[in-house]
Amino acid sequence: MTATGTAAPPTLSPARRIAGTGLATASGVAVAVQSRINGELGVRLADGIAAAVVSFGLGLLVLLVLVPATPGGRRGLAALRAALRDGSLRPWQCLGGVCGAFLVATQGLTIGTLGVAVFTVAVVAGQTGSSLLVDRAGIGPTGRQPVTPNRLVGAVLTVLAVLLAVGDRLGDPGALALALLPLAAGVGIAWQQAVNGRVRGAAGSAVTATLVNFTVGTVALLVTFAVEVAVRGRPAGGFPTEPWLYLGGPIGIVFIALAAAIVRFTGVLLLGLATIAGQVVGAVLLDLLLPTAASHPTPTTLLGAGLTLVAVLVAAVGPPPRPVGRAAPPPSP
């Protein structure tokens, strides 16, 4: 603890950063699977918002059972209440779930038209730049992180790699306009990962931070869905019977919990880059193993996926960035 009682940022050792990078990459593969599932659910329900409500709502139900049933979860809830009371955690830092809800909604709204690949490049474009800014501003639990050459090169290579991977699908102006939604969602992901890391640090429990994320996200989606129904009426599609279409929420639990747990060892940018690498690899594997009418990987797609992994490695193995100042909570906006 510092003299003011604020915990110092954890040491970003190479071993921890590399382990965290590996876990983040695996979670990115899970996000690609979740994107395909929620996109298909949105098509079946004929409503992307309804698909997002189902996905987030099921995840919340699992967490409402899991968190109170575990000693760590109960301790995390108590620590979270104490942190909010004493001001060490600000209420606005608990709103990361709004960004997660928006991302899941864009999966259901756009992937049926864009496909996973174009959706991924749009998210990458927003997430990479936003991650640099979030790290530099010190919003995450690692405090302010300088933009080192390795981190900047890794970010640029990642964008170039994903553009290479999906370059043959970027010629449709309508698709590019629709891609603005996942672009905005990508900007929000970096902020979500940063504040969820703050919640995890205050609660001492990744699963508790995940519960907060899903609670806020579900409330935001229910309000949006209520407005949509009032304006447009109920969704035209019916609920599908295939169980796999309802796995998006549980997959999201794993992703959010891992991100909240490891962001303090990787920083927001490296976490984002590793997740992106996993998403690209996952999208390529899905296109190879479970192709759709619009998904046929080309050699440039595979080359782009490989270059993405190189970009993440560049950012991961460089000298660990030294925090600029303490990891005190940033001023409330």
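Here the structure is shown first, and the text comes after it.
These lines cover the structure that appears in this document, whether it is placed above or below. None of the values given here were measured: they were computed from a predicted structure.

Reading the values: the criteria
Residues numbered from 1 in each chain as written. Predicted model: local features only at pLDDT ≥ 70, side-chain atom pairs only at ≥ 80, totals over all residues. Heavy atoms only, no water. Helix = DSSP H or I, 4+ residues; strand = E, 2+ residues; numbered from the N terminus. Buried < 20%, exposed > 50% of the residue type's maximum accessible area, 1.4 Å probe, protein only. Contact = heavy atoms within 4.5 Å. Core = buried A, V, L, I, M, F, W, Y, C linked by side-chain atoms within 4.5 Å. Axes fitted to C-alpha atoms, helices over the stretch in contact; angles between N-to-C directions. Parallel < 35°, antiparallel > 145°, perpendicular 65-115°, else oblique. Left-handed = near helix turned anticlockwise from the far one by under 90°. Nonpolar A, V, L, I, M, F, W, Y, C, P; charged D, E, K, R; others polar. Phe/Tyr/Trp six-rings, centres within 6.5 Å; stacked < 30°, edge-to-face > 60°.

Of regular secondary structure, the protein possesses ten helices and zero strands. Along the protein, helices and strands appear, N-terminal first, in the series α-α-α-α-α-α-α-α-α-α. When the 333 residues of the protein are sorted by exposure, 51% land in the buried category. A separation of at least 24 residues holds for 86% of the contacts in the protein among residues at least 6 apart in sequence.

This part takes up the environment of Leu58. Note that Leu58 resides in helix H2 (residues 48–69). Residue classification places Leu58 among the partly exposed residues on the basis of a relative accessible area of 31%. Along the chain, Leu58 and Tyr246 lie 188 residues apart, while their C-alpha atoms are 7.8 Å from each other.

Our next topic: the nonpolar core. Formed by 23 residues in total, the largest nonpolar core has its most connected members in Val134, Val268 and Leu271. If you tally residues by element for this core, the top one is helix H9 (residues 248–289), at eleven residues. In contact with Leu271, not counting residues within four places along its chain, are Ala24, Gln193, Ala259, Ile262, Val263 and Thr266. Listed in part, the 17 residues of the second largest apolar core include Ile49, Leu63, Val104 and Leu211.

A separate point is unusual backbone geometry. Backbone geometry at Ala46 places phi at a positive 60°, although glycine is not the residue there. Relative to the helices and strands, Ala46 is located in the loop between helix H1 (14–45) and H2.

This paragraph deals with the packing of helix H4 (residues 96–137) against helix H8 (residues 206–232). The geometry of H4 relative to H8 is characterised by a closest axis approach of 7 Å and an angle of 60° between their N-to-C directions. Put simply, H4 runs oblique to H8. The way H4 lies across H8 gives a crossing that is right-handed. Contacts from Gly96, Gly97, Val98, Ala101 and Ala105 of H4 reach H8 at Asn213, Val216, Gly217, Ala220 and Leu221. The class makeup of the residues in the contact of H4 with H8 is six nonpolar, four polar and no charged.

As for its placement among the helices and strands, Ile37 is situated in helix H1. The residues contacting Ile37, other than those within four sequence positions of it, are Trp244, Leu245, Leu247, Gly248 and Ile251.

Turning our eyes to something else, we now look at the packing of helix H3 (residues 71–86) against helix H7 (residues 180–203). Put simply, H3 and H7 touch, their axes get as near as 7 Å, and they point 105° apart. Here H7 runs roughly perpendicular to H3, going by the angle between their axes. The residues of H7 that touch H3, namely those facing Arg75, Gly76, Ala79, Leu80 and Ala83, are Val199, Ala202 and Ala203. Here the contact of H3 with H7 is composed, by residue class, of six nonpolar, one polar and one charged.

Tallied over the full model, the rule gives two aromatic pairs. Aromatic side chains Trp92 and Trp191 sit 6.2 Å apart centroid to centroid with 20° between the ring planes, which places their arrangement in the stacked category. Pair noted here: Trp92 is in the loop between H3 and H4 and Trp191 is in helix H7, with a separation of 99 residues, a long-range link.

Purely spatial values, then, with no claim about function.
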